[in-house]
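# Notes for the structure review
So you can see what is in the structure, the chains are spelled out below.
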Amino acid sequence: HLDSKGLESCLDVLKYALCSTICLDMPMERAAFVTQLARVKFFKETRGMEDEDEARKHRLQHDHQAHRQEEWYKKLESYCLDDSSDESKDAAVQMVYDMIRDTHASLQIDSKLRRDMKRVAKRIRKGELL
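So, here's what we can say about the structure. (Residues numbered from 1 in each chain as written. Predicted model: local features only at pLDDT ≥ 70, side-chain atom pairs only at ≥ 80, totals over all residues. Heavy atoms only, no water.)

### Observations regarding the pattern of salt bridges
Enumeration over the complete set of coordinates arrives at four salt bridges. Here Glu77 makes a salt bridge to Arg30, at a shortest N to O gap of 3.3 Å. Of this pair, Glu77 sits in helix α4 (residues 71-81) while Arg30 sits in helix α2 (residues 27-46); the two residues are 47 residues apart in sequence, bridging distant segments of the chain. Under the relative-accessibility criterion, Glu77 is labelled buried at 15%. Looking at Arg30, the relative accessible area reads 7%, which means it is buried. When the shortest N-O distance is used, the salt bridge between Arg101 and Asp98 registers 2.9 Å. Taken together, the residues Arg101 and Asp98, both in helix α5 (residues 86-126) and three residues apart, mark about one turn of the helix. Among the residues examined, Asp98 registers a relative accessible area of 25% and is labelled partly exposed. In the salt-bridge network here, residues are joined through shared partners; they are Asp98, Arg101 and Asp102. (Salt bridge = Lys/Arg side-chain N within 4 Å of Asp/Glu carboxyl O. Helix = DSSP H or I, 4+ residues; strand = E, 2+ residues; numbered from the N terminus. Buried < 20%, exposed > 50% of the residue type's maximum accessible area, 1.4 Å probe, protein only.)

Now the structure itself:
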């Protein structure tokens, strides 16, 4: 597992790689990076599950092509497949930027909560809160 800063750096690389493939009309490479984005989204959605066994079971049952049925994927693909204008590419790039920004924000919140929980646990161990 990566720490939050490492994951944020990976998200930035993914954002730039995906946007580059959109702008350069590279469908095979775009599909690979979209799959990686789907994995990040899936990880983000399942890591908050209370029951670890339930989360593990959900991950095992997950179809690696399931993202193709999701609304965000269909919308992104429709933008990318529209070769008639640069506006569609701009919309696709903006959509990717928004998705990555939202993921960054959730990571920062999780990171702050984790730091707060460590501080509270440390204070409990020292007997400051009892």
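### What to know about the nonpolar core
Counting residues in hydrophobic clusters, the biggest one holds 21 residues, and the most contacted among them are Leu18, Ile22, Val34, Leu37, Trp72, Leu76 and Val96. When residues of this core are assigned to their parent elements, the largest contribution, seven residues, is made by α5. With sequence-adjacent residues up to four places away left out, Trp72 is seen in contact with Val34, Leu37, Ala38, Lys41, His67, Met95 and Met99. (Core = buried A, V, L, I, M, F, W, Y, C linked by side-chain atoms within 4.5 Å. Contact = heavy atoms within 4.5 Å.)

### What about the side chain of Ser106?
Summarising the element assignment, Ser106 is placed in helix α5. The class of Ser106 is buried, set by a relative accessible area of 18%. In this structure the side chain of Ser106 is engaged in a polar contact, spanning 2.9 Å, whose partner is the backbone oxygen of Thr103. (Polar contact = N/O pair within 3.5 Å; in protein donor to acceptor, adjacent residues only side chain to side chain.)

### As for the packing of aromatic side chains
For the coordinates displayed, the defined rule picks out one aromatic pair. Ring centres of Trp72 and Tyr73 lie 6.2 Å apart, and the angle between their planes is 90°; on these two criteria the pair is classed as edge-to-face. Both residues of the pair, Trp72 and Tyr73, belong to the buried class. Here the guanidinium or amino end of Lys15 rests over the ring plane of Tyr97, the centre of that ring lying 4.6 Å away. (Phe/Tyr/Trp six-rings, centres within 6.5 Å; stacked < 30°, edge-to-face > 60°. Lys NZ or Arg CZ within 6 Å of the ring centre and 35° of its normal.)

### Quick notes on unusual backbone geometry
What you tend to see is this: most non-glycine residues have negative phi, and most peptide bonds are trans. With a phi angle near 50°, Asp25 is a residue other than glycine that sits in the positive phi range. Take Asp25: its relative accessible area is 44%, and that puts it in the partly exposed class.

### Points about α4
Those residues of α4 that fall on the buried side of the exposure criterion are Trp72, Tyr73, Leu76, Glu77 and Cys80. With its buried residues spanning 125° around the axis, α4 presents them on a single face. α4 presents Glu71 and Leu81 as exposed residues on the side facing more than 90 degrees away from its buried surface. (Arc of directions from axis to C-beta.)

### Re the state of the cysteines
Applying the stated criterion across every chain yields a total of zero disulfides. Cysteine Cys23 remains unbridged, with the sulfur of Cys19 as its closest cysteine sulfur at 6.6 Å. For Cys23, a relative accessible area of 44% corresponds to the partly exposed category. (Disulfide = S-S within 2.5 Å.)

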